[in-house]
Amino acid sequence: MSGPAVVTGAARGIGRAIAHKLAADGFDVVAVDRDPKVEEVAAELGGGARAVVCDLTEPGGRRLVVEAAPRAAALVNNAGITRDALVTKMTEDDFGAVIRVNLRAAFELTAELAPTMTDRGAIVSMSSRAYLGNIGQYNYSMSKGALVGMTRALAQELAPRLRVNAVAPGLVATDMAMAMPAKVRDKLVGRVPLGRMAEPGEIAELVAFLVSPAASYITGQVVVACGGRSVAP
Amino acid sequence: MTARAHVHAPPGCGWLVPALRDAGLGSGEPEDGLIFAQRSEGLTSFDDVEAEMTESFRLTRRAASAGAPALYVVCIADLLGQRGSLAAMLANGLLSAARSMALEGRRDGRIANALGHDPDPRPEEVASWALLLLEGRGVTGGFVAVGAGHLAKVVP
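This write-up is about the structure you can find in this document. Values in this document were obtained by computation on a predicted structure and should not be read as measured data.

### Here we look at the pattern of salt bridges
All names here are of chain B.
So, step 1. If you walk through the whole model with that rule in mind, you get 19 salt bridges over all chains.
So, step 2. The residue Glu-31 makes a salt bridge to Arg-62 at a minimum N-O spacing of 3.0 Å. Of this pair, Glu-31 sits in the loop between strand S2 (26–27) and strand S3 (34–37) while Arg-62 sits in helix H2 (residues 46–65), and the two are 31 residues apart along the sequence.
So, step 3. A residue is classified by how much of its surface remains accessible, and Arg-62, at 36% relative accessible area, is partly exposed.

See below:
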């Protein structure tokens, strides 16, 4: 590949799966997370992979990433958190934390890294099916909808040099999903036409496609990967 | 019909308040009803976006706590990302917020909708639809585009 691939939130779950897939596809992966476990992920990847342990909400953290990934060919904005509550019970702290981690960090990192990326590079941001709305996630839904907006705008601003897309996964079998009470999880899975959660690797395959030359005419789009949940009753 | 609502009309949306008044809307508190218009001018950094999002949260929480309806007014050009990232993030974030609010309010009949308009809207047309959507009339979680900027595009 012509340059490294930056994957944020790479210590676990979807981000870890994306890091593994992009490494398998030949990228030198820069795996980023505030959790030092990301160093273990980089070690698993081998080759030219390296870890950056930092807080992307801080300018100094983002600077470390930009320095670690000169002339990057791909950026995957995956880092995110949830702080769920009905809006009537949601605190302003929880609202702000989700906006800053899920949105501000992605926007600022993209703004700082994109000018240094190689021509014909690609950016993929992880939205969520929740951008179509979700109970108890006013903050999360807003942040993920905003990432769709960022994607549409940057696709036009950065064309033809870079492509910019988003992925909106539904329920994925991550640690976060598996931590839900089984009764709740089963109820949610019951609404998915495909009858199961996605595996992180399935989302990684989609991201890998979007950063690859096979997606060379796709930009400004959001791909919903939710097992059909977004069209089911 | 909800005859009163709090209207958040930041820079770029100055045309909305008189149009709503002419259409019959009285001034009120968020507990009466909320019309939150997307800021489209003077966005210079993410701080401006976060400030508007936070204000939408504060006002929405007040409206929701009182069981009042909410309407989010956004520019279609910004939904499509045609006028820069900052406005695009705000517009799309508010549309997602409307949908989440509609879901949360479904059980108790509290409604939330979104309205999109072109960059050069006809204020009286936007105001007319805004009052209908604030009232609901069976519509919640809906998106109505006033104008033609959405034609053949991916919005909503």
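### Focus: the packing of helix H4 (residues 92–113) of chain A against helix H5 (residues 138–158) of chain A
Residues and elements named next belong to chain A.
So, step 1. Packing of H4 against H5 brings their axes to within 8 Å, and their N-to-C directions diverge by 15 degrees. Here H4 lies roughly parallel to H5, going by the angle between them. As for how H4 packs across H5, the hand of that crossing is right-handed. Along its contact with H4, which presents Asp-94, Phe-95, Val-98, Ile-99, Asn-102, Leu-103, Ala-106, Phe-107 and Thr-110, the element H5 presents Tyr-138, Asn-139, Tyr-140, Met-142, Ser-143, Lys-144, Ala-146, Leu-147, Met-150 and Leu-154.
So, step 2. Residues of the contact of H4 with H5, tallied by class, amount to 13 nonpolar, four polar and two charged.

### Quick look at the sheet that holds strand S4 (residues 74–77) of chain A
Residues and elements named next belong to chain A.
So, step 1. Strand order in this open sheet of seven strands is S3-S2-S1-S4-S5-S6-S7, and the pairing throughout is parallel. Because the sheet does not close on itself, it has two edges, and the strands there are strand S3 (50–53) and strand S7 (222–225). Across the sheet, the axes of successive neighbouring strands diverge by a mean angle of 15 degrees, strand direction being ignored.
So, step 2. As paired strands, strand S1 (residues 5–8) and S4 are joined by three bridges and run parallel to one another.

### As for the side chain of Thr-110 of chain A
Residues and elements named next belong to chain A.
So, step 1. Along the chain, Thr-110 turns up in helix H4.
So, step 2. Of note is the side chain of Thr-110, whose polar atom sits 2.7 Å from the backbone oxygen of Ala-106.
So, step 3. Apart from the residues within four sequence positions on either side, Thr-110 is in contact with Leu-75, Asn-77, Pro-115, Ile-123, Met-150 and Leu-154.

### Quick notes on helix H3 (residues 59–68) of chain A
All names here are of chain A.
So, step 1. Residues of H3 that are buried include every one of Gly-61, Arg-62, Val-65 and Ala-68, and no others. Buried positions in H3, seen along its axis, are confined to an arc of 125 degrees and lie on one side of it.
So, step 2. Summarising the contacts, the buried residues of H3 are in contact with S1, strand S2 (29–33), S3 and H4.

### As for the side chain of Thr-118 of chain A
So, step 1. With respect to the helices, strands and loops of the structure, Thr-118 of chain A is situated in the loop between H4 and strand S5 (121–126).
So, step 2. Residue classification places Thr-118 of chain A among the buried residues on the basis of a relative accessible area of 5%.

### Looking at the pairing of strand S1 (residues 4–8) of chain B
All names here are of chain B.
So, step 1. Sheet topology places S1 next to S2; two bridges connect them, and they run parallel. The residue of S2 that forms the bridge with Arg-4 is Gly-26.
So, step 2. Pairing analysis gives three bridges linking S1 to S3, with the strands arranged parallel. Pairing of His-8 across the sheet is with Phe-36, part of S3.

### Description of the interface of chain B and chain A
So, step 1. Contacts between chain B and chain A engage 34 residues on the former and 35 residues on the latter.
So, step 2. Of the roughly 2,900 Å² buried at the junction of chain B and chain A (both faces included), carbon and sulfur atoms supply 60%.
So, step 3. Applying the counting criterion to the chain B and chain A interface returns four salt bridges.
So, step 4. A salt bridge links Glu-92 of chain A to Arg-58 of chain B; its shortest N-O distance comes to 2.7 Å.
So, step 5. Where chain B meets chain A, there are 18 residue pairs in polar contact (both at pLDDT 80 or more).
So, step 6. Elements supplying a minimum of two residues to the side of chain B that touches chain A: H2 and helix H4 (85–105) of chain B.
So, step 7. A class-by-class count of the residues in the side of chain B that touches chain A yields 16 nonpolar, 12 polar and six charged.

The rules behind these values
Residues numbered from 1 in each chain as written. Chains lettered and ligands numbered in written order. Predicted model: local features only at pLDDT ≥ 70, side-chain atom pairs only at ≥ 80, totals over all residues. Heavy atoms only, no water. Salt bridge = Lys/Arg side-chain N within 4 Å of Asp/Glu carboxyl O. Helix = DSSP H or I, 4+ residues; strand = E, 2+ residues; numbered from the N terminus. Buried < 20%, exposed > 50% of the residue type's maximum accessible area, 1.4 Å probe, protein only. Axes fitted to C-alpha atoms, helices over the stretch in contact; angles between N-to-C directions. Parallel < 35°, antiparallel > 145°, perpendicular 65-115°, else oblique. Left-handed = near helix turned anticlockwise from the far one by under 90°. Contact = heavy atoms within 4.5 Å. Nonpolar A, V, L, I, M, F, W, Y, C, P; charged D, E, K, R; others polar. Pairing = 2+ DSSP bridges. Polar contact = N/O pair within 3.5 Å; in protein donor to acceptor, adjacent residues only side chain to side chain. Arc of directions from axis to C-beta. Buried area = accessible area lost by both parts, 1.4 Å probe.

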